[in-house]
Structure formats: structure tokens, C-alpha cells
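Given next are the chains, with one letter for each unit.
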Amino acid sequence: MTSFPAAPPFALRARLLSPLASGRLLDEPDGLVEVNERGRITRVGGWPGAEAPASAFDLRPMVLMPGMVDLHAHLPQIPNAGLGSGLDLLTWLNRYIFPLERAYDRSVAERQAPAAWRGFAAAGTTTVVAYTAVWADSTDAAFAAAEEHGIRAVIGKVMMDRLTYDTDIDPSEILETSLRQSDELASRWHGRDEGRLSYAFTPRFAVSCSAEMLRESALLAKRHGAYWQTHLSEDAGEITEVRRLFPGARDYLDVYDRAGALGSRTLLAHAIHLSDGEVGRLVESGSRVAHCPASNLFLSSGMMPLGAYRSAGMTVGLGSDVAAGPEVSIFSVMRAGAVTQRVLELTGRADAAAALRPLDWVRMATLGGAEALGMQNEIGSLEAGKQADLIALDPRLTTPLPGDEPPGDADDLASRLIFRPHPNMVRSAWVRGRLVDLG
Ligand SMILES: [Zn+2]
């Protein structure tokens, strides 16, 4: 059985597959990655033969890749993943989601969050951006579980001062309480363990937040240098409701723009029904988008015109949106994304000539996610100087017949990983060179 190093420094011999910052691809059939004692990659390249370190762990025929980045997930919702397909967003939230979030107190979070982090890592995800529930104590527990597990995480307590499932609190106190608790959580956790953990101020979406909550949370995020995340333009019913609630806003994005919330530390999930004006303003503001195609298909929300967005210069990464997305695996999200784009092409709404190749999806899932977080100099690819957030996966599990050889061509290999992912194909994951538990 292959053994894996638990902590840096170490050297790995494996097949290497990674996007590069230059736009090119690292495709090394027999390669070496060296990681120093601080968990940084110091060397990447072909196996150097006689000059190779004697102590390298030989992982062949496994593939070493950068860990996946999940830009959008909801921790309390995971138990109901896969339930409610085809319901509209607002019905699904009330039936399957708000009861789970209401119950997500500290004891539930202490039980579920460690398993959730192991589940993300087992799917090959080494960075997760997550919402919790409106409760401060269970958010604290989710952070503590991430600190203990070793995964890289951006986490935020959900803020709702309208239509909240917190029925105990006096409505007149929600705004102040939610802001104060979020402020305290950010002070405690943002930047913890040399930046492995970060805070995201997390107003749920415009339907459940007042203009004041949006504005004040954005101010706090700037003050802490933290992220600000919410949902944007996911579903027709939601968009109608936002128009009714914010009659003075030019469009949905304008609700967040007026709150002073747009910018390079802002993560907007979905963003699938945008006007040209919204696309232009989103790009101009430098805001980032979490594309969640598995969720968008599951709830019949719509299909993102990804090609047009990318042409406009939008920074887009991928999100599972579990539990509206039925699986935590970003490989299954890539497949849903590819299927969505295929449908758009077949119905004449996207240009097939500009279609993304499997390796383009891998880039979006890794370096693209890192760029969305402003961490492209730290994670997202196998390059010297970066932190060693790595996964090793066994491509033999993805072949149609047992015993067959995995494809030699890099695009074919990526295609297999996306279209025939195996639940056990990720054999190991490291964050900053530290092995993390896959469960
Ligand atoms: Zn979501």
C-alpha cells in the first residue's frame, strides 16, 4: 500500500497535472514535487533521475494535483443533500433548509462539522468557503473543527434581519446583534493559523436582509480586511422579490452596489440571470462569482452564460452549493457545468467553438478559485513558492474496465476525472504540506 507523508518537509514522485499561472499546463508523466518544512513547494518538475532525493515517496501511478477550491457551500444543509430536486428556491429553503439551519446549534455543529470537513477533503477539496447558520456559537464550533482538521476555510455566520428562522429574538434587536456577533467572530478567527482560516461577513441575500444590514456588514468586512459573501440572481422568484423589496434599485446587483459591498473581496454565488449592465458593473467592481452549476440544475434555477461572462472578464470559480448542489465533489460540479454549457450550445445560446475543454474546468476549479479569493500567489497550482495544498488521486479507479490503463493525454485524463469520477479516487490530501483526514 502506498504511504503518504504526514508533515513537511517531504518529496513526492507522481504524475503531475496542474494549471500554471502563465496560462500553460504542467503535464509531467513522471515528476517530482518537493515541499519544505514550512509547507511551501520548493521544486516542481520531471523526475531528475540520479539527482533525485533518496527519500521521495513514490506515489506512481497516482496523479498529484492542486487541491480543489469550493467557493460556496452551506455546512448545516449537508444532511439534506439530494432532497427536493426541482423545487423552486424559496419553497426548497422553507421545506428542507431552514429547519436544518434552525437546529444547527453548537452541539450539532460539534458533531457534524468535523465530518463535513473530512468529507470535503475526501472529495479532493482543500479550500472551502462556507456559510453556517445564524447562530454565533455553532459558527465558532465550525471554525474550531476546521482549525483542528487542517482544511483551509473561509467561514461566515449567516445574517438575516428579515424572514429569519430565529423566532426567539426581538426583531428590533436582530440587526445590532448580528453585526456584533459577526464582528466578534471575525476578530477571533480571521487570519488564524497564518491565514489558513478567514472570515466572511455573510448576509444571506437581499430577500432576507435590510439595506442597513447589507451596508453595515460590508463596512465591517472592509474594516477587518475580511471577505463579504452573499447570493445574487439565482432564481426567478427571488429576483421578483428583490425588485419588490428594493424598488429604488436599478437591478439586483445595484442593491449590493448601493450598500458599498462590491469589490475584490466580495464573493457572489450564482449570478446566473444578469443583465448586460449588471455583468459590466460586476466586472468593473472586481467582484468575484461562485458558479454553482450542479445546484442550478438541481433547483431548476437556470443556466449561467459562462462563455459570455468570461469574455467580459469576470473572475469565476466553482462552488458545490451543497445542499442545493447534491454533492460536495467539485469534480461532479465540473461535470454539471460542462453539461450546462452543452445544453446552451445545443439550443443556440452559446458558441460551441469557444467551449471549455476538460482542462479548462480543472483550471477554474483550482487556480480560478484561488484567483476569486485573491490567493492565486499562494494556492491553486503546483508551482514553486506556493503553499503545498495538494491532492493525490488514483486514476485507475476511473477506467471503465478494471485493469485498463488510465489515459496518457492530459485532456483525456481530465475528462475521465470529470465525467467518470470515483468516490474513492482521492487517496490523500495535504494543506500547507500537512496531511488532512479524509474520514
Ligand atoms: Zn448557497
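Up top is the structure.
Residues numbered from 1 in each chain as written. Predicted model: local features only at pLDDT ≥ 70, side-chain atom pairs only at ≥ 80, totals over all residues. Heavy atoms only, no water.

**Q** Would you mind going over the overall build of the protein chain in detail, with residue names and values included?
**A** Helix and strand content of the protein chain: 14 helices and 16 strands. On C-alpha atoms alone, the protein chain measures out to a radius of gyration of 21 Å, which is about the 22 Å that the 2.2 N^0.38 rule sets for 439 residues. Summarising its shape, the C-alpha atoms of the protein chain cover approximately 70 × 50 × 35 Å along the three principal directions. Buried positions account for 57% of the 439 residues belonging to the protein chain. Nonlocal contacts in the protein chain, meaning residues at least 24 apart in sequence, comprise 76% of its contacts between residues at least 6 apart. By element, 49% of the accessible surface of the protein chain is carried by carbon and sulfur atoms, the whole surface being about 16700 Å². When the 43 positive and 54 negative side-chain charges of the protein chain are each reduced to one mean point, those points stand 2 Å apart. (Helix = DSSP H or I, 4+ residues; strand = E, 2+ residues; numbered from the N terminus. Rg over C-alpha atoms; globule rule 2.2 N^0.38 Å. Buried < 20%, exposed > 50% of the residue type's maximum accessible area, 1.4 Å probe, protein only. Contact = heavy atoms within 4.5 Å. Areas by Shrake-Rupley, 256 points an atom, 1.4 Å probe, with all protein chains shown as cover. Lys, Arg positive; Asp, Glu negative; His and termini not counted. Charge placed at Lys NZ, Arg CZ, Asp CG, Glu CD.)

**Q** Quick rundown of the side chain of Arg196? Include the residues and the values.
**A** Within the secondary structure, Arg196 is located in the loop between helix 5 (192-195) and strand 9 (197-203). On the accessibility criterion, Arg196 (6% relative accessible area) is buried. In terms of polar contacts, Arg196 uses its side chain to reach the side chain of Asp193, at 2.7 Å. Once residues within four sequence positions are removed from consideration, Arg196 is found in contact with Ala146, Glu147, Gly150, Ile151, Arg152, Ala153, Val431 and Arg432. (Polar contact = N/O pair within 3.5 Å; in protein donor to acceptor, adjacent residues only side chain to side chain.)

**Q** Can you break down unusual backbone geometry residue by residue, with the values?
**A** Omega for the bond connecting Arg60 with Pro61 falls within 30 degrees of zero, at 5°, which places this linkage in the cis form. Relative to the helices and strands, Pro61 resides in strand 4 (residues 57-66). The step from Val322 to Ala323 runs through a cis peptide bond, and the omega angle for that step is 20°. Its location among the elements puts Ala323 in the loop between strand 13 (315-318) and helix 12 (330-346). Notably, Asp193 is not glycine yet its phi reads approximately 55°, a positive angle. Here Asp193 lies in helix 5. The exposure class assigned to Asp193 is partly exposed, which follows from its relative accessible area of 31%. In this model, Arg432 sits at a positive phi of 50°, which is unusual for a non-glycine residue.

**Q** So what about the coordination of the zinc ion? Which residues, and what values?
**A** All of the protein donors around the zinc ion are His72 (NE2), His74 (NE2), His231 (NE2) and Asp321 (OD); their distances to the metal are 2.1 to 2.4 Å. Written as a sequence motif, the donor arrangement for the zinc ion is H-x1-H-x156-H-x89-D. As far as burial versus exposure is concerned, His72 and His74 are alike and both buried. (Donors = N, O, S within 2.8 Å, 3.2 Å for Na, K, Ca; no water.)

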